[in-house]
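# Structural overview
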Amino acid sequence: MKKRILLLAGGQSGEHEVSLMSARSVLSALPRDQFDVTPVVISKQGRWLPPTETQRALETGEAPTGGDLVLHRAASAEGYDAVFPLLHGPMGEDGTVQGLLTLAGIPFVGSGVLGSAVSMDKIMTKQVLASAGIPQVAWQLVVRRDWQAQPDAVRERAVQLGYPLFVKPANLGSSVGISKVARAEDLDGALNLAFSLDRRVILEAMTAHKPREVEVGILGNDAPIASPVGELRFDADFYDYETKYTEGRASMHIPAPLPPEVAEQVRTLALKAFRALDCAGLARVDFFYVEETGELLLNEVNTMPGFTTTSMYPKLFEAAGLNYSALVTRLVELALEER
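Residues numbered from 1 in each chain as written. Predicted model: local features only at pLDDT ≥ 70, side-chain atom pairs only at ≥ 80, totals over all residues. Heavy atoms only, no water.

## Some details on the overall build of the chain
The helix and strand tally for the chain stands at 13 helices and 12 strands. Put simply, the chain has 339 residues, and 52% of those count as buried. For the chain, the share of sequence-separated contacts (at least 6 apart) that also reach a separation of at least 24 residues comes to 66%. Here the chain displays about 14700 Å² of accessible surface, and carbon together with sulfur accounts for 51% of that area. (Helix = DSSP H or I, 4+ residues; strand = E, 2+ residues; numbered from the N terminus. Buried < 20%, exposed > 50% of the residue type's maximum accessible area, 1.4 Å probe, protein only. Contact = heavy atoms within 4.5 Å. Areas by Shrake-Rupley, 256 points an atom, 1.4 Å probe, with all protein chains shown as cover.)

Structure below.
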């Protein structure tokens, strides 16, 4: 008997359109002889769209503003065998939807509430990884109230980290709100931008030498496996939103041209981080590799990475011999096994 799958896409984050692209790829790849798939698009206002408007949103990449309240539609999801919450960023990848589905007793693809929430929050991620002994760049937490009440103290903390540095909102994806700050006089504008999006912000030091950016995919629950390592190269000062989603600005190299011992260290640290954060199903783990010093520093963990057929995560496992259709099938199987 076919398994009934509810595929959620869209969502309220700035990665709404990316989610729709991912959903179109997954929808066409799940084998129809094994799964009966129903897509539902969540609008940017948090409404779950009916079938006709969902189909229109998937075709056009734009969602209307109507639809039902989330809780109403979640209650009607009870008849599904599993949910594929293909949602990126806040209000989707951060444990909110995962908590809703857990309360409803419905199995779903990916990490649970804890793994999703902790991995989405850059500050909590850094604290957990530090306790696990996983190397990272130096960083500082700043909250909005401190910036408003004691701006000079915050500026001094930036000086202690050293320029240039990065300013990042704690809870956004796709490089939204991130600034590279080369001079002290540019810090205020970067902080104001980040605080317009989040009440908690990270100041993050840069490495002495420009690092290479390498990534690895993780697949599994209690016995996860790591993919080959890939390298991301891009034509920009850093991997910002425009570079990430402008065709031709970035390229993937799989396998990454790394010494074998470095590639193995990437895979080992990625698996260690996956377990430390209590992730499940899948994740893409990103690292900085400083070739001049041999340093390997974990940058971030994505529990629901981009999932088009050309995205890094599927390409990493394609290099391991698992094609796109087999990969998404395996993810649904893992959801059913875990819950």
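## Quick notes on helix α6 (residues 122–131)
Listed in full, the buried residues belonging to α6 are Lys122, Ile123, Thr125, Lys126 and Leu129. Viewed end-on, α6 has its buried residues packed into an arc of 160°, placing them on one side of the element. Contacts from the buried residues of α6 go to α5 (113–120), β4 (139–143), β5 (165–169), β7 (200–205), α11 (260–276) and β12 (295–302). At the N-terminal end of α6, a side-chain oxygen is found 3.0 Å from the backbone nitrogen of isoleucine 123, two or three residues along, and the residue is aspartate 121. A positive phi of about 75° marks glycine 133, the residue just after α6. (Arc of directions from axis to C-beta. Polar contact = N/O pair within 3.5 Å; in protein donor to acceptor, adjacent residues only side chain to side chain.)

## What about the sheet that holds strand β2 (residues 35–42)?
Strand order in the open sheet made by the three strands is β2-β1-β3, with parallel pairing throughout. A strand with exactly one partner marks an edge of an open sheet, and here the two such strands are β2 and β3 (82–85). Averaged over neighbouring strand pairs, the angle between their axes works out to 20° when direction is ignored. Summarising the sheet, strand β1 (residues 3–10) and β3 pair through four bridges and their orientation is parallel. In the sheet register, leucine 7 faces β3, and the bridge partner there is phenylalanine 84. The sheet strands contacting helix α1 (residues 16–29) are β1, β2 and β3, and the helix crosses β1 at an angle near 155°. (Pairing = 2+ DSSP bridges. Axes fitted to C-alpha atoms, helices over the stretch in contact; angles between N-to-C directions.)

## A few points about the sheet that holds β4
Strand order in the open sheet formed by four strands is β4-β7-β5-β6, with antiparallel pairing between adjacent strands. One side of each edge strand has no neighbouring strand; the edge strands of this open sheet are β4 and β6 (179–181). Neighbouring strand axes in the sheet, compared pairwise and without regard to direction, differ in orientation by 25° on average. Two strands pair when backbone bridges link them, and β4 and β7 are joined in this way by five bridges, in the antiparallel orientation. Across the sheet, valine 142 pairs through a bridge with valine 201, a residue of β7. The strands that α6 touches are β4, β5 and β7; relative to β7, the one it contacts most, it runs at about 55°. Along the sheet, helix α9 (residues 187–195) makes contact with β4, β5, β6 and β7, crossing β5 at roughly 20°.

## Some points on the packing of α5 against α6
In contact at an axis separation of 5 Å, α5 and α6 are set at 105° when each is read in the N-to-C sense. As far as their axial angle goes, α6 and α5 are roughly perpendicular. Contact residues: Val118, Ser119 and Met120 in α5; Lys122, Met124, Thr125 and Val128 in α6. The class makeup of the residues in the contact of α5 with α6 is four nonpolar, two polar and one charged. (Parallel < 35°, antiparallel > 145°, perpendicular 65-115°, else oblique. Nonpolar A, V, L, I, M, F, W, Y, C, P; charged D, E, K, R; others polar.)

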